[in-house]
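Here is how the chains run, residue by residue.
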Amino acid sequence: MSDSVLLTHLKAATMVDTASGYGLIKDAGIALEQGQIRWVGQIHDCPAEIAKLPTHDCGGRLVTPALIDCHTHIVHGGNRAQEFEMRLEGASYEEVARAGGGIVSTVKATRETSEEDLLEATLRRADALISEGVATIEIKSGYGLDHDTELKMLRVARAVASARPINVSTSFLGAHAVPAGADADSYIDDICIPTLKTAHAEGLVDVVDGFCEGIAFDTAQMRRVFEAARALGLPVKLHAEQLSNIGGTALAAEFDALSADHVEYASDADAEALARSGSVAVILPGAFYAIREEQAPPIAAFRKHGVHMAVATDWNPGSSPLGSVLLAMNMACTLFRLTPAEALAGTTRSAARALGFSDRGTLAAGQRADLAIWDVTSPAELSYGIGINPLHKRMFGGQFDAD
Ligand code: NIG
Ligand code: FE
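Every value quoted in this text rests on a predicted model; they were computed, and no experiment measured them.

When you look at the coordination of the iron ion (ligand 2) in this model, what are you seeing that I'm missing?
Six octahedral donors around a metal ideally make angles of 90 or 180 degrees; four tetrahedral donors ideally make 109.5 degrees. Every protein donor of the iron ion (ligand 2) is accounted for by His71 (NE2), His73 (NE2), His239 (NE2) and Asp314 (OD), and the metal-donor separations fall at 2.1 to 2.5 Å. One chain supplies every donor to the iron ion (ligand 2), and in sequence these donors are spaced H-x1-H-x165-H-x74-D. Linking His73 in the loop between strand E5 (67–69) and helix H2 (81–88) with Asp314 in the loop between strand E12 (309–311) and helix H13 (325–336), this pair joins segments that are 241 residues apart in sequence. Each member of the pair, His73 as well as Asp314, carries the same accessibility label: buried.

Printed below as a string of structure tokens:
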């Protein structure tokens, strides 16, 4: 396709922040030029110079910004089906972790898997997301917990963006779990922070993340990681308040985090703090569902305080083996009562914000031409279907994927 094109015969869910939710334009046109959106509007308002562009008929379909999965752990070795069986027999996620399963068992598998094999497995997962109209993914390290494997994971994450038409934001998650037999404080100071510095020097880190929880790191330990991130000029985000409230969300807000993720146990005051810092609450219904959590995130408090809510898969081998962002949207609606408009904002505009991107996530002039064209008549259908993929075509940087 040429560099400039006018998409016609479509409905646009622009996801521009308006009261109506979707920023819907019926009888819309979208002009694209050099990988960016040049114009969006009602086709009959189309300026004369745009009307001269070659056209592409979208057949009356719905066009949205391409989806963004802003929280994944798709670089990992092995799987944890055995733990799934243990949990079905009554063990809790926390009990499995304390018994040496959980994250630490994926660490062993990830250390033992070659970089080449890790990349191959990761590309299969990225392809599943691409097939649902995803154009930007976040990928975390955190299953290495040693210098070499953390760097290996981040190199694999970067390699995904070279091997596929997708943008990748990497998060250094060295503070994901305490390695077997290690002391948490020494691990943070002697391994995690020095590894972060090397990974940053090699250009492998976009954001710094951590797991602030009773079974992982406390706020004092996370504070040291965040201070190191700040010294390197890197933004932060945090797995916070997933299983209990130990102050992670407040810490994240204090460091102007891009996001606090999970946040099931966040309080009203935590929601207020996130609103003040402009941090996004990333809702992860896959983990809530898979480990049968009972405490839902405080959606009403997030709405009351005007906290941006994103929705993501949290695709990982333990707590959320969920490879579908559309299903995450459905679960966010069904389990947490998000509206379908909130769920779609959660995988477009707010997901972009959770990664610090202002050039994607809406259909507006100047944004990247990352689009999804859907065989649906209304945007609510994207959240309504369960295990249904209505993607017609995806466009990445102004180019349609090959059929
Ligand atoms: O986001 N909460 C911590 N980290 C992952 C779990 C990873 C795992 O169980 O392997 C999560 O749910
Ligand atoms: Fe996670």
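Text resumes after the structure shown.
I tried to follow the packing of helix H5 (residues 115–130) against helix H6 (residues 147–163) on my own but got confused; where do I start?
In contact at an axis separation of 9 Å, H5 and H6 are set at 50° when each is read in the N-to-C sense. Comparing the axis directions of H5 and H6 gives the class oblique. Along this stretch, H5 crosses H6, giving a crossing that reads as right-handed. Of the residues in H6, those touching H5 at Glu115, Leu118, Leu119, Thr122, Leu123 and Ala126 are Lys152, Arg155, Val156, Ala159, Val160 and Ala163.

I would appreciate a short explanation of the site of ligand 1 in the present structure.
Neighbouring ligand 1 are 15 residues, the closest being Arg80, Tyr93, Tyr143, His176 and Ser319. Within the side chain of His262, an N or O atom sits 3.0 Å from an oxygen atom of ligand 1. The fraction of the free accessible surface of ligand 1 (330 Å²) that becomes covered by protein chains is 100%. Here the residues of the shell around ligand 1 are counted per class, giving four nonpolar, nine polar and two charged.

Can you help me understand the side chain of Thr149 in this one?
Note on placement: Thr149 falls in helix H6. Among the residues examined, Thr149 registers a relative accessible area of 5% and is labelled buried. Not counting residues up to four positions away in its chain, the partners in contact with Thr149 are Thr110, Arg111, Tyr143 and Gly144.

Is there a simple way to explain the pattern of salt bridges in this structure?
All chains considered together, the criterion is met by 23 salt bridges. With a shortest N-O distance of 2.6 Å, Arg61 and Asp375 are connected by a salt bridge. In this pair, Arg61 sits in strand E4 (residues 55–65) while Asp375 sits in the loop between strand E13 (371–374) and helix H16 (381–384), placing the two residues 314 residues apart along the sequence. Here Glu83 makes a salt bridge to Arg80, at a shortest N to O gap of 2.9 Å. With a relative accessible area of 6%, Arg80 lands in the buried category. Salt bridges sharing partners connect three or more residues here, namely Arg80, Glu83 and Arg87.

So, how was this worked out
Residues numbered from 1 in each chain as written. Chains lettered and ligands numbered in written order. Predicted model: local features only at pLDDT ≥ 70, side-chain atom pairs only at ≥ 80, totals over all residues. Heavy atoms only, no water. Donors = N, O, S within 2.8 Å, 3.2 Å for Na, K, Ca; no water. Helix = DSSP H or I, 4+ residues; strand = E, 2+ residues; numbered from the N terminus. Buried < 20%, exposed > 50% of the residue type's maximum accessible area, 1.4 Å probe, protein only. Axes fitted to C-alpha atoms, helices over the stretch in contact; angles between N-to-C directions. Parallel < 35°, antiparallel > 145°, perpendicular 65-115°, else oblique. Left-handed = near helix turned anticlockwise from the far one by under 90°. Contact = heavy atoms within 4.5 Å. Near = heavy atom within 4 Å. Polar contact = N/O pair within 3.5 Å; in protein donor to acceptor, adjacent residues only side chain to side chain. Areas by Shrake-Rupley, 256 points an atom, 1.4 Å probe, with all protein chains shown as cover. Nonpolar A, V, L, I, M, F, W, Y, C, P; charged D, E, K, R; others polar. Salt bridge = Lys/Arg side-chain N within 4 Å of Asp/Glu carboxyl O.

So yeah, pure geometry; function would need other evidence.
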